[in-house]
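Topology and contacts: notes
Residue-level listing of the chains:
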Amino acid sequence: MEITSRDLWTIFHGLGFGALFMLAFSGALAELYRLSAPSVPAQLGAQERNLLNFHLSAMVILAWLAVLTGAYIVYPWYRAVPPEGAADLANYPRSLLLSSARTSEWHRIGMEWKENVAWLAPIAITMVAYVTMKYQRTIIRLQQMRLAVLTFTVAAFIATGIAGAFGALLNKYAPVRGGSNIILMEGESGGEK
Amino acid sequence: MAVKNRAAVKSEEYVEVPAGRGEVEVIPNGPGAAAILAAGIGCAVLGILALAGDASETIKGLLNFYSPTGALSGVTTVAIIIWLMSWYVLNLRWRLQAIDMTKVNVAAFIGLAIGFLLTFPPFMDLIQGR
């Protein structure tokens, strides 16, 4: 059982940071909604506050790691230019997609939207985390601020959803390949059971 | 519990938040407003630069800060710098003030919408008449 270094980075980028960030949204939305429910005490306890702050801080870190690894590690492999006259474009995903009218829009719409829109998420969630940590439970009294926080949280979720969905589809049609092989586990060869 | 900045507790745009050691600090909505508007500005700049890079080969070249990543490196770096700078400046001006949040929200939501629309390739093409 082996994996290439590029596969591993793609997994870190998409499944590690990106998917964990997506998963964290459900918790964040529930907590932000709960924070503004009338039945919640006027101030959060220290433990609740620390947990919420940890959750939001983790989301901010995951969001930035997802876009930074995507843009500076995985994306250069995706957009690598093949040598002149290369017949096999398997290691050049962008060129592979653009080589056929049936797949070119995956790049022109999918990747070109994904590569930019994804960056809205860390900007939005950093603001959400800062405002939530600063104003805590009192945000219920600042209704316009609460509206902005919830809107930007949903916007970050949508931006991540777009990037994640296109990332998964692009990796299906033109996966990033190559790099050194990393052997995870040795198995037996030849036999069938 | 002690309250800092009690003189400021006149407007509903001020809130009391725990400041540790049993104290309560009264803070205005200004710092939050600065963060929200700056996020809107950052999103808008990202969209505008993405469109500019798509429309002009010259701008695309200027935004190519790191060749393996291409113009995306410049688009995002400049957007982040402008976002953080605008946050810093707005916070400096608003940190002790109560701000009209409705106006801030309208501006921030417009910025967010610009960010989404101008990064959507079919909308970029529409604007450029392609």
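Bear in mind the structure is a predicted one, so any value in this text is a computation, not a measurement.

**Digging into the overall build of chain B**
Helix and strand content of chain B: five helices and three strands. Relative to its 130 residues, chain B shows a buried fraction of 42%. Residue pairs at least 24 apart in sequence account for 62% of intrachain contacts in chain B once pairs closer than 6 positions are excluded.

**Looking at the overall build of chain A**
The number of helices and strands found in chain A is six helices and two strands. Counting from the amino terminus, helix and strand elements in chain A follow one another as β-α-α-α-α-α-α-β. The principal-axis extents of the C-alpha atoms in chain A amount to approximately 65 × 45 × 30 Å. Every one of the 193 residues in chain A was classed for burial, and the buried ones make up 38%. Sequence separation of 24 or more characterises 82% of the internal contacts of chain A that already satisfy a separation of 6 or more.

**A look at the nonpolar core**
When a protein is soluble and globular, its nonpolar side chains tend to lie buried together. If you look at the biggest cluster of nonpolar residues, it comprises 86 residues, and the most contacted ones within it are Leu120, Ala124, Met127 and Phe152 of chain A together with Ile36 and Ala39 of chain B. Sorting elements by how many residues they give to this core places helix α1 (residues 30-55) of chain B first, with 15 residues. In this structure, Ala124 of chain A is in contact with Phe152, Ala155 and Ala156 of chain A together with Ala39 of chain B, ignoring residues within four places of it in sequence.

**With respect to the interface of chain A and chain B**
Across the contact, 33 residues belong to chain A and 34 residues belong to chain B. Among the elements of the structure, α2 (46-78), α4 (104-117), α5 (120-135) and α6 (143-173) of chain A are those that each provide at least two residues to the side of chain A that touches chain B. A per-element tally of the side of chain A that touches chain B places α5 of chain A first, with eight residues. The class makeup of the residues in the side of chain A that touches chain B is 21 nonpolar, six polar and six charged.

**Describing the environment of Gly14 of chain A**
Residue and element names in this part refer to chain A. Looking at the secondary structure, you find Gly14 in helix α1 (residues 5-35). Note: C-alpha distance between Gly14 and Gly179 (165 residues apart in sequence) is 18 Å. If we skip the residues at most four places from it in the chain, Gly14 touches Ala19, Gly164 and Gly167.

**Focus: α2 of chain A**
Taking 1.5 Å per residue as the helical rise, α2 of chain A with its 33 residues ought to reach 48 Å, and the 46 Å between its terminal C-alpha atoms agrees with that figure. At Gly70 of chain A, α2 of chain A shows its largest kink, close to 40°.

**Comments concerning α1 of chain B**
Given 3.6 residues to a turn, an α-helix orients residues that are three or four positions apart in the same direction. Counted at 1.5 Å a residue, the expected span for α1 of chain B with its 26 residues is 38 Å, and the 37 Å between its end C-alpha atoms agrees. Here α1 of chain B lies mainly inside the structure; 23 of its 26 residues are buried.

**Side note on the confidence of the model for chain B**
Residue and element names in this part refer to chain B. Taken as a whole, chain B shows an average pLDDT of 89; of its residues, 89% reach a score of 70 or greater. When mean pLDDT is taken per element in chain B, helix α3 (residues 71-94) scores highest with 98 and strand β1 (residues 3-4) scores lowest with 48. Taken together, the chains of this predicted complex give a pTM of 0.90 and an interface ipTM of 0.89.

**Focus: the environment of Ala50 of chain B**
Mapped onto the elements, Ala50 of chain B comes out in helix α1. The spacing of Ala50 of chain B and Glu13 of chain B is 37 residues in sequence and 36 Å in space, taken between C-alpha atoms. What Ala50 of chain B contacts, discounting residues up to four positions off in sequence, is Asn116 of chain A together with Val75, Leu118 and Thr119 of chain B.

**Points about the packing of α4 of chain A against α6 of chain A**
Residue and element names in this part refer to chain A. Here α4 crosses α6 at 140°, and the two axes come no closer than 9 Å. As summarised for this structure, α4 and α6 are arranged oblique, according to the angle between their axes. Every pair of crossing elements has a handedness; the one defined by α4 and α6 is left-handed. In this structure, α4 uses Trp106, Gly110, Met111, Trp113, Lys114 and Val117 to contact α6, whose residues at the interface are Ala159, Ile162, Ala163, Phe166, Gly167, Leu169, Leu170 and Tyr173. In terms of residue class, the contact of α4 with α6 is built from eleven nonpolar, two polar and one charged.

**Quick look at the packing of α1 of chain A against α2 of chain A**
All names here are of chain A. Where α1 contacts α2, the axes come no closer than 8 Å and their chain directions differ by 150°. Our classification of the angle between α1 and α2 gives roughly antiparallel. Seen along the crossing, α1 lies across α2 with a hand that is left-handed. Residue composition of the contact of α1 with α2, by class: 18 nonpolar, seven polar and two charged.

Basis of the calculations
- Residues numbered from 1 in each chain as written.
- Chains lettered and ligands numbered in written order.
- Predicted model: local features only at pLDDT ≥ 70, side-chain atom pairs only at ≥ 80, totals over all residues.
- Helix = DSSP H or I, 4+ residues; strand = E, 2+ residues; numbered from the N terminus.
- Buried ≥ 20, exposed ≤ 12 C-beta atoms within 10 Å, placed from the backbone.
- Contact = placed C-beta atoms within 7 Å.
- Core = buried A, V, L, I, M, F, W, Y, C linked by C-beta atoms within 7 Å.
- Nonpolar A, V, L, I, M, F, W, Y, C, P; charged D, E, K, R; others polar.
- Expected span 1.5 Å × (residues − 1).
- Bend = angle between axes of the 7 residues up to and from the residue.
- pLDDT = per-residue confidence, 0-100.
- Axes fitted to C-alpha atoms, helices over the stretch in contact; angles between N-to-C directions.
- Parallel < 35°, antiparallel > 145°, perpendicular 65-115°, else oblique.
- Left-handed = near helix turned anticlockwise from the far one by under 90°.

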